[in-house]
Amino acid sequence: MWLETLEKKADYIKTQQITMKNKFLKLLALLLLSISVVSCGEFSKLLKGNDYDLKYTKGFEYYENKKYDKALQIFEQITTVYRGLEKGEKLMFYYSMCNYKVKDYYSAGYYFRKFASTYPHSEYNEEAMFMGAYCYYLDSPKSSLDQESTDLAIAEFELFISKYPNTSRKDTCNILLDELRRKLQDKSYDNAYLYYKLGYYRAANVSLKNSIKDFPDSPYKEEILYYSAKSMYLYADQSVAEKKLERFHEAQRDLNEYLKFYPNGKYHKDVNKMSESTIENIKTLPVIN
(Lines give C-alpha, C1' and ligand atoms only; values in the text may rest on other atoms or scores of the structure.)
Protein backbone atom coordinates (compact mmCIF):
# COMPACT_ATOMS: atom_id res chain seq x y z
CA MET A 1 0.00 0.00 0.00
CA TRP A 2 2.77 2.39 0.99
CA LEU A 3 4.56 1.54 -2.30
CA GLU A 4 1.46 2.48 -4.28
CA THR A 5 1.27 5.80 -2.40
CA LEU A 6 4.92 6.56 -3.18
CA GLU A 7 4.37 5.81 -6.86
CA LYS A 8 1.37 8.16 -6.94
CA LYS A 9 3.43 10.91 -5.30
CA ALA A 10 6.27 10.35 -7.80
CA ASP A 11 3.81 10.56 -10.70
CA TYR A 12 2.30 13.74 -9.25
CA ILE A 13 5.75 15.36 -8.85
CA LYS A 14 6.73 14.36 -12.38
CA THR A 15 3.45 15.80 -13.74
CA GLN A 16 4.08 19.06 -11.89
CA GLN A 17 7.62 19.25 -13.23
CA ILE A 18 6.39 18.76 -16.80
CA THR A 19 3.70 21.40 -16.29
CA MET A 20 6.25 23.90 -14.94
CA LYS A 21 8.64 23.13 -17.78
CA ASN A 22 5.88 23.68 -20.37
CA LYS A 23 4.91 26.97 -18.71
CA PHE A 24 8.55 28.09 -18.74
CA LEU A 25 8.95 27.20 -22.43
CA LYS A 26 5.75 29.09 -23.30
CA LEU A 27 6.94 32.14 -21.38
CA LEU A 28 10.35 31.92 -23.06
CA ALA A 29 8.71 31.66 -26.49
CA LEU A 30 6.51 34.68 -25.75
CA LEU A 31 9.52 36.64 -24.54
CA LEU A 32 11.53 35.80 -27.65
CA LEU A 33 8.55 36.67 -29.84
CA SER A 34 8.12 40.03 -28.16
CA ILE A 35 11.84 40.76 -28.52
CA SER A 36 11.65 39.76 -32.18
CA VAL A 37 8.62 42.02 -32.77
CA VAL A 38 10.35 44.95 -31.08
CA SER A 39 13.56 44.24 -32.98
CA CYS A 40 11.71 44.03 -36.31
CA GLY A 41 9.91 47.27 -35.51
CA GLU A 42 13.19 49.02 -34.72
CA PHE A 43 14.82 47.69 -37.89
CA SER A 44 11.86 48.77 -40.02
CA LYS A 45 11.98 52.24 -38.44
CA LEU A 46 15.74 52.40 -39.09
CA LEU A 47 15.27 51.52 -42.77
CA LYS A 48 12.57 54.17 -43.23
CA GLY A 49 14.53 56.89 -41.42
CA ASN A 50 16.91 59.48 -42.85
CA ASP A 51 19.60 59.33 -40.17
CA TYR A 52 22.41 58.04 -42.39
CA ASP A 53 25.07 58.17 -39.67
CA LEU A 54 22.87 56.00 -37.46
CA LYS A 55 22.33 53.61 -40.36
CA TYR A 56 26.09 53.47 -40.92
CA THR A 57 26.74 52.64 -37.26
CA LYS A 58 23.89 50.13 -36.94
CA GLY A 59 24.83 48.49 -40.24
CA PHE A 60 28.25 47.60 -38.90
CA GLU A 61 26.69 46.46 -35.61
CA TYR A 62 24.47 44.06 -37.54
CA TYR A 63 27.51 42.87 -39.51
CA GLU A 64 29.57 42.24 -36.37
CA ASN A 65 26.63 40.31 -34.89
CA LYS A 66 26.48 38.19 -38.07
CA LYS A 67 23.07 39.56 -39.09
CA TYR A 68 24.31 39.89 -42.63
CA ASP A 69 20.90 40.14 -44.29
CA LYS A 70 20.02 43.23 -42.22
CA ALA A 71 23.46 44.78 -42.67
CA LEU A 72 23.11 44.21 -46.42
CA GLN A 73 19.79 46.06 -46.58
CA ILE A 74 21.18 49.03 -44.68
CA PHE A 75 24.44 49.19 -46.64
CA GLU A 76 22.49 48.96 -49.87
CA GLN A 77 20.60 52.13 -48.89
CA ILE A 78 23.62 54.24 -47.97
CA THR A 79 26.47 53.27 -50.32
CA THR A 80 25.57 56.10 -52.70
CA VAL A 81 25.27 58.56 -49.80
CA TYR A 82 28.87 58.00 -48.73
CA ARG A 83 30.38 57.49 -52.18
CA GLY A 84 33.51 59.59 -52.54
CA LEU A 85 33.74 60.16 -48.79
CA GLU A 86 36.19 58.54 -46.40
CA LYS A 87 33.51 56.29 -44.93
CA GLY A 88 32.48 55.16 -48.40
CA GLU A 89 35.58 52.99 -48.90
CA LYS A 90 34.98 50.79 -45.84
CA LEU A 91 31.25 50.77 -46.51
CA MET A 92 31.63 49.49 -50.08
CA PHE A 93 34.04 46.76 -49.01
CA TYR A 94 31.69 45.48 -46.31
CA TYR A 95 28.72 45.77 -48.62
CA SER A 96 30.59 43.37 -50.91
CA MET A 97 31.32 41.12 -47.92
CA CYS A 98 27.62 41.07 -47.00
CA ASN A 99 26.75 39.77 -50.46
CA TYR A 100 29.36 37.06 -49.95
CA LYS A 101 28.05 36.18 -46.48
CA VAL A 102 24.47 35.75 -47.76
CA LYS A 103 25.90 33.54 -50.58
CA ASP A 104 24.98 35.84 -53.46
CA TYR A 105 28.35 35.04 -55.00
CA TYR A 106 27.82 36.55 -58.44
CA SER A 107 26.79 39.93 -56.96
CA ALA A 108 29.62 39.75 -54.42
CA GLY A 109 32.12 39.11 -57.21
CA TYR A 110 30.80 42.11 -59.13
CA TYR A 111 31.00 44.45 -56.12
CA PHE A 112 34.47 43.27 -55.08
CA ARG A 113 35.70 43.95 -58.62
CA LYS A 114 34.04 47.35 -58.57
CA PHE A 115 35.65 48.12 -55.21
CA ALA A 116 39.12 47.13 -56.47
CA SER A 117 38.83 49.40 -59.51
CA THR A 118 37.35 52.29 -57.50
CA TYR A 119 39.88 52.07 -54.64
CA PRO A 120 43.09 50.61 -56.20
CA HIS A 121 45.27 51.84 -53.32
CA SER A 122 42.95 50.82 -50.49
CA GLU A 123 44.16 48.73 -47.57
CA TYR A 124 41.35 46.34 -48.54
CA ASN A 125 42.39 46.07 -52.19
CA GLU A 126 44.29 42.77 -52.01
CA GLU A 127 41.48 41.16 -50.03
CA ALA A 128 38.86 42.56 -52.42
CA MET A 129 40.65 41.32 -55.55
CA PHE A 130 41.06 37.83 -54.13
CA MET A 131 37.48 37.69 -52.85
CA GLY A 132 36.13 38.86 -56.21
CA ALA A 133 37.87 35.98 -57.97
CA TYR A 134 36.92 33.54 -55.21
CA CYS A 135 33.23 34.52 -55.39
CA TYR A 136 33.16 33.85 -59.14
CA TYR A 137 34.85 30.51 -58.39
CA LEU A 138 32.07 29.68 -55.92
CA ASP A 139 29.47 30.75 -58.50
CA SER A 140 31.04 28.57 -61.20
CA PRO A 141 28.56 25.77 -62.07
CA LYS A 142 29.18 22.20 -63.21
CA SER A 143 30.85 21.85 -66.61
CA SER A 144 27.64 21.10 -68.53
CA LEU A 145 26.23 24.58 -67.77
CA ASP A 146 27.17 28.08 -68.97
CA GLN A 147 30.71 28.93 -67.85
CA GLU A 148 30.55 32.74 -67.65
CA SER A 149 31.48 32.73 -63.94
CA THR A 150 34.29 30.25 -64.62
CA ASP A 151 35.81 32.55 -67.25
CA LEU A 152 35.45 35.55 -64.91
CA ALA A 153 37.06 33.65 -62.02
CA ILE A 154 40.06 32.65 -64.16
CA ALA A 155 40.53 36.21 -65.41
CA GLU A 156 40.26 37.64 -61.89
CA PHE A 157 42.66 35.12 -60.32
CA GLU A 158 45.22 35.80 -63.06
CA LEU A 159 44.85 39.56 -62.56
CA PHE A 160 45.20 39.15 -58.79
CA ILE A 161 48.42 37.11 -59.11
CA SER A 162 49.89 39.60 -61.60
CA LYS A 163 49.22 42.49 -59.19
CA TYR A 164 50.27 40.60 -56.05
CA PRO A 165 52.91 38.09 -57.24
CA ASN A 166 54.21 37.54 -53.71
CA THR A 167 50.82 37.04 -52.10
CA SER A 168 50.50 34.32 -49.48
CA ARG A 169 47.45 33.11 -51.41
CA LYS A 170 49.38 32.26 -54.57
CA ASP A 171 49.31 28.49 -54.06
CA THR A 172 45.59 28.60 -53.29
CA CYS A 173 44.98 30.62 -56.46
CA ASN A 174 46.92 28.14 -58.60
CA ILE A 175 44.99 25.19 -57.16
CA LEU A 176 41.67 26.91 -57.86
CA LEU A 177 42.83 27.96 -61.35
CA ASP A 178 43.69 24.34 -62.20
CA GLU A 179 40.21 23.29 -61.08
CA LEU A 180 38.53 26.01 -63.15
CA ARG A 181 40.58 25.26 -66.26
CA ARG A 182 39.79 21.55 -65.91
CA LYS A 183 36.11 22.48 -65.90
CA LEU A 184 36.54 24.36 -69.21
CA GLN A 185 38.45 21.39 -70.63
CA ASP A 186 35.63 19.08 -69.58
CA LYS A 187 33.03 21.29 -71.24
CA SER A 188 35.05 21.67 -74.43
CA TYR A 189 35.56 17.92 -74.77
CA ASP A 190 31.99 16.99 -73.79
CA ASN A 191 30.50 19.43 -76.32
CA ALA A 192 32.72 18.15 -79.13
CA TYR A 193 32.15 14.49 -78.24
CA LEU A 194 28.40 15.08 -78.29
CA TYR A 195 28.61 15.81 -82.05
CA TYR A 196 30.30 12.43 -82.50
CA LYS A 197 27.61 10.62 -80.49
CA LEU A 198 24.88 12.30 -82.53
CA GLY A 199 26.55 11.28 -85.80
CA TYR A 200 27.53 14.80 -86.90
CA TYR A 201 30.99 13.64 -87.87
CA ARG A 202 32.29 16.71 -89.70
CA ALA A 203 31.20 18.98 -86.83
CA ALA A 204 32.75 16.51 -84.36
CA ASN A 205 36.05 16.51 -86.23
CA VAL A 206 36.24 20.32 -86.29
CA SER A 207 35.13 20.74 -82.67
CA LEU A 208 37.55 18.14 -81.36
CA LYS A 209 40.45 19.77 -83.21
CA ASN A 210 39.45 23.14 -81.78
CA SER A 211 39.33 21.61 -78.31
CA ILE A 212 42.91 20.36 -78.52
CA LYS A 213 43.99 23.69 -80.00
CA ASP A 214 42.42 25.57 -77.09
CA PHE A 215 43.68 23.09 -74.47
CA PRO A 216 46.89 21.45 -75.72
CA ASP A 217 47.50 19.94 -72.28
CA SER A 218 43.99 18.52 -72.03
CA PRO A 219 43.73 15.28 -70.02
CA TYR A 220 41.48 14.07 -72.87
CA LYS A 221 44.14 14.46 -75.55
CA GLU A 222 44.20 10.78 -76.56
CA GLU A 223 40.39 10.61 -76.73
CA ILE A 224 40.27 13.85 -78.71
CA LEU A 225 42.80 12.66 -81.30
CA TYR A 226 41.06 9.29 -81.57
CA TYR A 227 37.50 10.56 -81.99
CA SER A 228 38.67 13.34 -84.28
CA ALA A 229 40.32 10.81 -86.58
CA LYS A 230 37.42 8.35 -86.35
CA SER A 231 34.91 11.12 -87.08
CA MET A 232 36.81 12.08 -90.22
CA TYR A 233 37.07 8.43 -91.29
CA LEU A 234 33.31 7.89 -90.86
CA TYR A 235 32.58 11.20 -92.57
CA ALA A 236 34.73 10.17 -95.56
CA ASP A 237 33.18 6.71 -95.69
CA GLN A 238 29.65 8.19 -95.80
CA SER A 239 30.50 10.90 -98.34
CA VAL A 240 29.32 11.06 -101.93
CA ALA A 241 31.67 9.43 -104.44
CA GLU A 242 33.25 12.63 -105.74
CA LYS A 243 34.24 13.72 -102.19
CA LYS A 244 35.49 10.40 -100.81
CA LEU A 245 39.11 10.53 -102.02
CA GLU A 246 39.76 14.03 -100.67
CA ARG A 247 38.19 13.18 -97.32
CA PHE A 248 39.99 9.87 -96.93
CA HIS A 249 43.28 11.75 -97.40
CA GLU A 250 42.25 14.05 -94.54
CA ALA A 251 41.21 11.04 -92.46
CA GLN A 252 44.62 9.45 -93.01
CA ARG A 253 46.37 12.60 -91.75
CA ASP A 254 44.25 12.52 -88.59
CA LEU A 255 44.83 8.79 -88.05
CA ASN A 256 48.59 9.30 -88.44
CA GLU A 257 48.40 12.14 -85.91
CA TYR A 258 46.96 9.78 -83.32
CA LEU A 259 49.60 7.10 -84.03
CA LYS A 260 52.40 9.68 -83.79
CA PHE A 261 51.46 10.50 -80.19
CA TYR A 262 50.03 7.14 -79.13
CA PRO A 263 51.59 4.31 -81.22
CA ASN A 264 50.62 1.84 -78.50
CA GLY A 265 47.62 3.75 -77.16
CA LYS A 266 44.40 2.15 -76.02
CA TYR A 267 42.78 2.82 -79.41
CA HIS A 268 45.76 1.88 -81.60
CA LYS A 269 44.22 -1.39 -82.89
CA ASP A 270 41.07 0.38 -84.10
CA VAL A 271 43.14 3.24 -85.56
CA ASN A 272 45.40 0.80 -87.45
CA LYS A 273 42.34 -0.99 -88.82
CA MET A 274 40.83 2.32 -90.02
CA SER A 275 44.20 3.33 -91.44
CA GLU A 276 44.44 0.12 -93.51
CA SER A 277 40.92 0.69 -94.81
CA THR A 278 41.72 4.32 -95.60
CA ILE A 279 44.88 3.44 -97.52
CA GLU A 280 42.95 0.83 -99.51
CA ASN A 281 40.27 3.40 -100.38
CA ILE A 282 42.87 5.95 -101.45
CA LYS A 283 44.49 3.32 -103.74
CA THR A 284 41.25 2.20 -105.35
CA LEU A 285 39.10 5.33 -105.51
CA PRO A 286 39.20 7.13 -108.85
CA VAL A 287 40.46 10.70 -109.05
CA ILE A 288 37.49 12.90 -109.93
CA ASN A 289 38.25 16.31 -111.41
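Up top is the structure these notes are about.
Everything quoted here is computed from the prediction, not taken from an experiment. (Residues numbered from 1 in each chain as written. Predicted model: local features only at pLDDT ≥ 70, side-chain atom pairs only at ≥ 80, totals over all residues. Heavy atoms only, no water.)

(A) Looking closely at the nonpolar core. With 49 residues, the main nonpolar core has Phe75, Phe93, Phe112 and Phe157 as its most contacted residues. Breaking this core down by element, the ones donating at least two residues are helix 1 (2–48), helix 2 (52–64), helix 3 (68–78), helix 4 (86–101), helix 5 (105–118), helix 6 (125–139), helix 7 (148–163) and helix 8 (170–198). Here the element with the most residues in this core is helix 6; it accounts for 8 residues. Residues contacting phenylalanine 157, with those up to four places away along its chain left out, are Phe130, Ala133, Tyr134, Tyr137, Cys173, Leu176, Leu177 and Leu180. Counting residues in hydrophobic clusters, the runner-up holds 27 residues, among them Leu208, Met232, Leu234 and Leu285. (Core = buried A, V, L, I, M, F, W, Y, C linked by side-chain atoms within 4.5 Å. Buried < 20%, exposed > 50% of the residue type's maximum accessible area, 1.4 Å probe, protein only. Helix = DSSP H or I, 4+ residues; strand = E, 2+ residues; numbered from the N terminus. Contact = heavy atoms within 4.5 Å.)

(B) Layout of the packing of aromatic side chains. Scanning the model with the defined rule gives 36 aromatic pairs in all. Relative to tyrosine 267, the ring of tyrosine 226 has its centre 4.0 Å away and its plane inclined at 10°; by these criteria the two rings are stacked. You can see tyrosine 226 sitting in helix 10 (residues 221–237) and its partner tyrosine 267 sitting in the loop between helix 11 (241–261) and helix 12 (268–284), a full 41 residues away along the chain. Judged by its relative accessible area of 5%, tyrosine 226 is buried. According to the relative accessible area criterion, tyrosine 267 is buried, its value standing at 17%. One aromatic cluster is present, formed by Tyr56, Phe60, Tyr63, Tyr68, Phe75, Tyr82, Phe93, Tyr94, Phe112, Phe115, Tyr119 and Tyr124 through successive ring pairs. Above the plane of the ring of tyrosine 56 lies lysine 87, whose end atom (NZ or CZ) is 4.8 Å from the centre. Positioned above the aromatic ring of phenylalanine 261, the side-chain terminus of lysine 221 is 4.0 Å from the ring centre. (Phe/Tyr/Trp six-rings, centres within 6.5 Å; stacked < 30°, edge-to-face > 60°. Lys NZ or Arg CZ within 6 Å of the ring centre and 35° of its normal.)

(C) Examining the environment of tyrosine 227 more closely. Checked against the element boundaries, tyrosine 227 lands in helix 10. Note on tyrosine 227: relative accessible area 13%, which makes it buried. Separated by 31 residues in sequence, tyrosine 227 and tyrosine 196 have C-alpha atoms that sit 7.5 Å apart. Non-local contacts of tyrosine 227, meaning those with residues more than four positions away in its chain, are made with Tyr189, Tyr193, Tyr196, Leu208 and Tyr267.

(D) Summary view of the packing of helix 2 against helix 4. Packing of helix 2 against helix 4 brings their axes to within 11 Å, and their N-to-C directions diverge by 40°. The orientation of helix 2 with respect to helix 4, classified from their angle, is oblique. When the axes of helix 2 and helix 4 are compared, the crossing they make is left-handed. Along its contact with helix 2, which presents Asp53, Tyr56, Phe60 and Tyr63, the element helix 4 presents Lys87, Lys90, Leu91, Tyr94, Met97, Cys98 and Lys101. When grouped by side-chain class, the residues that make up the contact of helix 2 with helix 4 number 7 nonpolar, no polar and 4 charged. (Axes fitted to C-alpha atoms, helices over the stretch in contact; angles between N-to-C directions. Parallel < 35°, antiparallel > 145°, perpendicular 65-115°, else oblique. Left-handed = near helix turned anticlockwise from the far one by under 90°. Nonpolar A, V, L, I, M, F, W, Y, C, P; charged D, E, K, R; others polar.)

(E) Geometry of a nonpolar patch on the surface. A cluster of nonpolar residues, Leu194, Tyr195, Leu198 and Tyr200, forms a patch on the protein surface that exposes about 420 Å² of accessible area. Note on placement: leucine 198 falls in helix 8. (Patch = residues over 30% accessible without salt bridge, like charges linked within 9 Å, V, L, I, M, F, W, Y side chains within 5 Å. Areas by Shrake-Rupley, 256 points an atom, 1.4 Å probe, with all protein chains shown as cover. Salt bridge = Lys/Arg side-chain N within 4 Å of Asp/Glu carboxyl O.)

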